[in-house]
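This is what each chain is made of:
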Amino acid sequence: MTNSHTTPSLDKTSATEITDVFAAVGDAQTPKHGFFNRLYTGTGAIDVIGKRRMWYIITAAIVLVSLGSIIFRGFNFGIDFEGGSRIQFPAGNATTSAVEDVYRGAIGTDPVSVQTVGAGGSATMLIRSEALNQKQVEALNSALFAEFQPKDKSGNPSRAAISTSDVSETWGSQITRKAIIALAVFLVLVAGYIAIRYEAHMAIAALAALAFDVTVTAGVYSLVGFEVTPATVIGILTILGFSLYDSVVVFDKVEENTHGILHLTRRTYGEQANLAVNQTLMRSINTALIGILPIVGLMVIAVWMLGVGTLKDLALVQLVGLLVGTYSSIFFATPLLVSIKERWGPVAAHTKKVLAKRAGAASARAGVAAERRASVAAGRDYEEAPRKQRAAGQAPRPGARPSGKRHKRRN
């Protein structure tokens, strides 16, 4: 018996409904992953490279604010850079507010800073002020002794327990000069290593990220008004190591993902670099969090327990630099590398080739889809182009599926 099958004519409304059903089925079969799932697995949660213009604008805005604050607001240099006097005596029952009141009454101005150094019986009060002459020093020492009765090592009240020293501004300038020399040597060695180990374009991007980190960290100190001390200069030098480490980790993954990319036409250099950023994103975040915890602990110990200003300044600059370095390695260094690579050279030609191929394929698919929709809307059966038949005796093409009688009943 022969079964006849006729295809009923479809009006425009029913054809549209069928198309929507197939679209819904296709969407249901496509796996959906949340943002945090893709972030954790490194499968493209953030399109850093594709939206690099936005990150450039954000980066430029941060740099402009930092430079504006440095130029117009300046820095709050400590006495190690501007010169001044340092007065220190056993704390006893003295408080910082009480010491400030005594200083104000004796000198007539406010001190630069008053802080408690150490804890327990060994705690001392440290006063930093502008340069005082001998008459002012005598008046201040007399007022401090009369108010707090500091004791010497034998436990007896004595004016000798109050020590005064002058700090020359040349000492701070020497530290700055040596720090600049160390920074220049560090940058030359870093640029040479990255250029030899990876490539020159990565060295340029890494140095740009380092310059961004130093500028923004200095801008934060200027904007907030933090006191700049020799510990601040040392801290800025230490954050460069972290920023460089994070950038090199991302660059290493970029090099791995883009190896041999010029011989393929499926993805561009920028897309592979974006994949590398996402694959190392969680590592960068975890490293930053692990680094922040001991810094916060150092700040708590320095401020609340020991009262050591040097530790506080060092921890503060490291905290700011760690956050800035994490941002620059992800949202500035790698996008800048891609922009440099795609500006000229073989990577630029490869990117144009891949995009042109995709545009042609997209046009072909759009034409086929339009023809299919027109056929369905007109009530005609859409016939796809027949596949080329293999000639007798011709070997099957690589990857072809077997074409034997699959449903033959076995006896």
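Let me sum up the structure you'll find in this document. (Residues numbered from 1 in each chain as written. Predicted model: local features only at pLDDT ≥ 70, side-chain atom pairs only at ≥ 80, totals over all residues. Heavy atoms only, no water.)

1. Here's the deal with the pairing of strand E2 (residues 84-90)
As a reminder of what qualifies: Between any two strands, pairing holds if DSSP finds at least two bridges. Secondary structure elements are defined from DSSP: runs of H or I of at least 4 residues count as helices, runs of E of at least 2 residues count as strands, and each element is numbered from the N terminus.
Pairing of E2 with strand E5 (residues 163-167), which is carried by 5 bridges, proceeds in the antiparallel orientation. Note on E5: the bridge partner recorded for Gln88 is Ser163. Direction of pairing for E2 relative to strand E4 (residues 124-129): antiparallel, over a ladder of 6 bridges. Bridging from a neighbouring strand, Ile87 pairs with Ile127 of E4.

2. Here's the deal with a positive patch on the surface
What counts, and what does not: Surface patches are drawn from residues lacking salt bridges whose relative accessible area is over 30%; two like charges belong together within 9 Å, two nonpolar side chains (Val, Leu, Ile, Met, Phe, Trp, Tyr) within 5 Å. For every accessible area listed, the method is Shrake-Rupley and the probe measures 1.4 Å; residues are considered covered only by the protein chains on display. Definition used for salt bridges: Asp or Glu carboxyl oxygen within 4 Å of a side-chain nitrogen of Lys or Arg. When charges are tallied, Lys and Arg are placed among the positive residues and Asp and Glu among the negative ones, while His and the ends of the chain are skipped. The location of each charge is read from NZ of Lys, CZ of Arg, CG of Asp or CD of Glu. Relative accessibility thresholds used throughout: buried, under 20% of the residue-type maximum; exposed, over 50%; partly exposed, between the two (1.4 Å probe, protein chains only).
The grouping of Arg266, Arg267, Lys353 and Lys357 at the surface amounts to a positive patch. When you line up the elements, Lys357 lands in helix H12 (residues 346-377). Judged by relative accessible area, Lys357 falls into the exposed class, the value being 52%.

3. Focus: the pattern of salt bridges
Tallying each qualifying case throughout the model produces 8 salt bridges. Here Glu138 and Arg159 are joined by a salt bridge, their closest N and O atoms 3.4 Å apart. Placement of the pair is Glu138 in helix H6 (residues 134-148) and Arg159 in the loop between H6 and E5, with a sequence separation of 21 residues. Classification of Arg159 as partly exposed rests on a relative accessible area of 37%.

4. Focus: the side chain of Arg52
Which entries qualify depends on this criterion: By the criterion applied in these results, polar contacts are pairs of N or O atoms within 3.5 Å in which, for protein atoms, one can donate a hydrogen and the other can accept it, and in which residues neighboring in sequence qualify only through two side-chain atoms. The contact rule is simple, with two residues in contact once any of their heavy atoms fall within 4.5 Å.
Within the secondary structure, Arg52 sits in helix H3 (residues 52-73). Looking at Arg52, its side chain comes within polar contact range of the side chain of Glu342, at 3.1 Å. Aside from chain neighbours lying at most four places away, what touches Arg52 is Pro335, Val338, Ser339 and Glu342.

5. Topic: unusual backbone geometry
Of note, the phi angle at Gln149 is positive, near 50 degrees, even though the residue is not glycine. As for its placement among the helices and strands, Gln149 is situated in the loop between H6 and E5. Given the relative accessible area of 36%, Gln149 is considered partly exposed.

6. Re the packing of aromatic side chains
When we look at a pair of aromatic rings, we describe it by the centre distance and by the angle of the planes. Quick reminder of the rule: Aromatic rings from Phe, Tyr and Trp, taking only the six-membered ring of Trp, are treated as a pair when their centres fall within 6.5 Å; an angle between ring planes under 30 degrees marks them as stacked, one over 60 as edge-to-face, and anything in between as tilted.
Considering all chains together, one arrives at 5 aromatic pairs under this definition. Between the aromatic rings of Phe212 and Phe332, the centroid separation amounts to 5.8 Å while the plane-to-plane angle is 40 degrees, which identifies the pairing as tilted. One end of the pair, Phe212, is in helix H8 (residues 200-224); the other, Phe332, is in helix H11 (residues 309-341), and 120 residues separate them in sequence. Looking at Phe212, the relative accessible area reads 5%, which means it is buried.

Bear in mind that shape data such as this cannot, by itself, settle questions of function.
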